[in-house]
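# Architecture and fold: a report
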Amino acid sequence: MDELQSRKEAALQAVAAADNIDAVESLRVEALGKQGWVSQLLKTLGQMSPEERQEQAPVIQAARTEIADAIAGRKEALESAVLEAQLVSDTLDLTLPAPEAPQGTVHPVSQVMDELAEIFADMGFAVATGPEVEDDWHNFTALNMPESHPARAMHDTFYFPDADDEGRRMLLRTHTSPVQIRSMMGQGAPIRIIAPGRVYRSDSDATHTPMFHQIEGLVIDRDIHLGHLKWTLETFLKAFFEREDIVLRLRPSYFPFTEPSVEVDVGFAIEKGRRVLGGDGDAPGHAWMELLGSGVVNRRVIESAGLDPDEWQGFAFGVGVDRLAMLKYAMDDLRAFFDGDVRWLRHYGFSPFDQPTLSAGVGARA
Ligand code: DAH
């Protein structure tokens, strides 16, 4: 028995002194393994007399439990020390420099929207937004297109099958014009906003995609007239195309939400087979290209949005962002905008460092 006690003490000391997991494991095999001395002692119980066994068994079992607990405790302590050391050495150095080769590019649509926001911010316009899942009233009715209006048919609208909780007919907005209504109702007058965003129409070919981008402009104030509209568009287009010789032609047109309505054309020349904006469209070698829709906000629209049309007037315009990007950066297929082809993005995308600013120029280099 004394021998058992002293072997146990020696084993416990050795376990406590072991400084790595392998050493603890060999101590376990030495004592508790199949051939270990504790296991051998347990085997001797079989040859003992019942009385002797009754006396010896609990002592040997107790020694076995004590050694097993000590081993388990030591293993755990060593394992957490290893983990602790690893946590200290495995640091994440956030000060490392960025990868040498830039990994991504800014999509031309995002770039052009940033350019537009920058140009209009300089003229005192704020950026407004509205939902892409819109209701019938904001998208059409409030814009002077009641249920039976023929202009509705021109929009190739994606309707949702069910009305919303309040019984409104829901759709994917077909233009950014509903943001006019939301801005007037939300903030009252005066207003100077642009509203860039996605719009949807059931239409698809080389120049139409079911989702595309527009930017809406709205100014509401007192004594607003077409001259303000023309100056604003001219200033915007000169800054955007970075040319002083941009010439506009205002052509009478029809939109339900403007009265009068004007279609704005821009003069261009053909140079080396490419359309280059600038110059009078009536000059030799030049022509006109339709660029955007606009007009003086219809009284009925101002009324629908809860303002008094005798007090407030305004002008509005809507233009395709994708089309502006194609014209400025000489791209020929609209569908490529939405393919997500990384080769196209590498070619036409912009560096994230090329932030458009008025001082450094909004014409980022591709
Ligand atoms: N919402 C029109 C469209 O998508 C574009 C438009 C035309 C917007 C005239 C306007 C506007 O604000 O005054 O076809």
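Note that the structure is predicted; figures quoted are calculated from it, not measured.

To continue, consider the overall build of the chain. When you go through the chain residue by residue, the secondary structure sums to 11 helices and 10 strands. Taking 366 residues into account, the globule formula puts the C-alpha radius of gyration at 21 Å, and the chain, at 39 Å, lies well above it. In terms of its C-alpha atoms, the chain occupies a principal-axis envelope of roughly 120 × 55 × 40 Å. Here the contacts in the chain between residues at least 6 apart in sequence split such that 66% fall between residues at least 24 apart. Looking at the chain as shown, the accessible area adds up to about 20,000 Å², and 53% of this sits on carbon and sulfur atoms.

Moving on to the side chain of threonine 176. With respect to the helices, strands and loops of the structure, threonine 176 is situated in the loop between strand S3 (170-172) and helix H7 (178-187). For threonine 176, a relative accessible area of 0% translates into the label buried. Among the polar contacts made by the side chain of threonine 176, one reaches the side chain of glutamate 216 at a distance of 2.8 Å. Those residues in contact with threonine 176 that sit more than four places away from it in its chain are Ala195, Gly197, Val199, Gln214, Ile215 and Glu216.

Topologically, asparagine 144 is positioned in the loop between helix H6 (136-139) and S3. A relative accessible area of 14% places asparagine 144 in the buried class. If near-sequence neighbours (up to four positions away) are discounted, asparagine 144 is found in contact with His149, Pro256, Asn298, Arg300 and Val301.

Quick look at the packing of helix H3 (residues 37-44) against helix H4 (residues 50-89) now. Two elements in contact, H3 and H4, have axes whose closest approach is 10 Å; the angle formed by their N-to-C orientations is 160°. Between H3 and H4, the interaxial angle falls into the category roughly antiparallel. Viewed along their axes, H3 and H4 form a crossing whose handedness is left-handed. Contacts between H3 and H4 involve Trp37, Val38, Leu41 and Leu42 from the former and Ile60, Gln61, Arg64 and Ile67 from the latter.

Evaluation of the coordinates by the stated rule reveals 11 aromatic pairs. With centroids separated by 5.9 Å and ring planes inclined at 20°, the aromatic side chains of phenylalanine 255 and phenylalanine 257 adopt a geometry described as stacked. Look at phenylalanine 255 and you get partly exposed, because its relative accessible area is 21%. Residue phenylalanine 257 is classed as buried on the basis of its relative accessible area of 11%.

Around the ligand, a shell composed of 15 residues is seen, among which His175, Ser177, Arg201, Gln214 and Glu216 lie nearest. Glutamine 180 places a polar side-chain atom, nitrogen or oxygen, 3.1 Å from an oxygen atom of the ligand. Classifying every residue of the shell around the ligand gives four nonpolar, nine polar and two charged.

A few words on the nonpolar core. Phe236 and Leu324 are the most contacted members of the largest nonpolar core, which has 45 residues in total. If you list the elements that add at least two residues to this core, you get helix H5 (108-122), strand S5 (211-221), helix H8 (226-241), strand S7 (258-271), strand S9 (286-297), strand S10 (313-320), helix H10 (321-329) and helix H11 (342-348). Excluding anything up to four places from it in sequence, phenylalanine 236 contacts Leu116, Ile119, Phe120, Met123, Leu292 and Leu324.

A few words now on the domain arrangement of the chain. Examined at the domain level, the chain breaks down into domain 1 (2-89) and domain 2 (108-348). The C-alpha centroid of domain 2 is placed 82 Å from the C-alpha centroid of domain 1.

To continue, consider H10. Along H10, eight of the nine residues are buried, which leaves the element largely enclosed by surrounding structure. Buried within H10 we find Val321, Asp322, Leu324, Ala325, Met326, Leu327, Lys328 and Tyr329. Count one or two residues on from H10 and you reach alanine 330, which has phi positive near 50°.

Our focus in this paragraph is the packing of helix H2 (residues 21-32) against H4. At a minimum axis distance of 10 Å, the contact between H2 and H4 shows a crossing angle of 170°. Judged by the inter-axis angle, H2 sits roughly antiparallel to H4. Contacts between H2 and H4 involve Ile21, Val24, Glu25, Leu27, Arg28, Ala31 and Leu32 from the first element and Arg64, Ile67, Ala68, Ile71, Arg74, Lys75, Leu78 and Glu79 from the second. Here the residues of the contact of H2 with H4 are counted per class, giving nine nonpolar, no polar and six charged.

All right, on to the environment of proline 108 then. Here proline 108 lies in helix H5. A C-alpha to C-alpha distance of 8.1 Å links proline 108 and phenylalanine 337, two positions 229 residues apart in sequence. Residues within four places of proline 108 in sequence aside, it is in contact with Met331, Trp344, Leu345, Tyr348, Gly349 and Phe350.

The next subject is unusual backbone geometry. That bond from alanine 189 to proline 190 is cis: its omega, -5°, falls within 30 degrees of zero. You can see proline 190 is positioned in the loop between H7 and strand S4 (191-200). At aspartate 223, a residue that is not glycine, the phi angle is positive and equals roughly 55°. By the secondary structure assignment, aspartate 223 is in the loop between S5 and H8. Judged by relative accessible area, aspartate 223 falls into the exposed class, the value being 62%.

Cut-offs and rules
- Numbers given for residues are sequential positions, taken from 1 along each chain in its written order.
- Only residues with pLDDT of at least 70 are given local features in this predicted model, and only at 80 or more are side-chain atom pairs given and counted; all residues enter the totals for whole chains, interfaces and linings.
- Computation of side-chain values: all heavy atoms of the structure, hydrogens and water removed.
- Elements are defined by DSSP. Helices are runs of H or I of four residues or more, strands are runs of E of two residues or more, and each kind is numbered from the N terminus.
- The quantity called the radius of gyration is restricted to C-alpha atoms. Its globule counterpart is 2.2 Å times the number of residues to the power 0.38.
- Every residue pair with non-hydrogen atoms within 4.5 Å of one another is taken to be in contact.
- Only the protein chains shown count as cover for residues, and all accessible areas are computed by the Shrake-Rupley method using a 1.4 Å probe.
- The cut-offs for exposure are 20% and 50% of the maximum accessible area for each residue type, with area from a 1.4 Å probe on protein chains only; residues under the lower value are buried, those over the upper are exposed, and the others partly exposed.
- Counting of polar contacts relies on pairs of N or O atoms within 3.5 Å, with two restrictions inside protein: one atom must be capable of donating a hydrogen and the other of accepting it, and residues adjacent in sequence are counted only when both atoms are side-chain atoms.
- For every element, the axis is a line fit to its C-alpha atoms; helices are fit only across the contacting stretch, and the angle between N-to-C directions ranges from 0 to 180 degrees.
- Oblique is the label for every angle not falling under 35 degrees (roughly parallel), over 145 degrees (roughly antiparallel), or within 65 to 115 degrees (roughly perpendicular).
- Definitions for this section: a left-handed crossing has its near helix turned counterclockwise from the far helix by less than a right angle. A right-handed crossing has that turn clockwise.
- Between 30 and 60 degrees the pair is tilted, below 30 it is stacked and above 60 it is edge-to-face, where a pair is any two Phe, Tyr or Trp rings, Trp via its six-membered ring, whose centres lie within 6.5 Å.
- For this purpose, a residue is taken to be near a molecule or strand whenever a single non-hydrogen atom of the residue falls within 4 Å of it.
- We call Asp, Glu, Lys and Arg charged. Ala, Val, Leu, Ile, Met, Phe, Trp, Tyr, Cys and Pro are nonpolar, and the rest, Gly among them, are polar.
- Residues belong to a common nonpolar core when they are buried Ala, Val, Leu, Ile, Met, Phe, Trp, Tyr or Cys residues joined through side-chain atoms within 4.5 Å.
- An automatic or database domain assignment supplies the start and end points of every domain.

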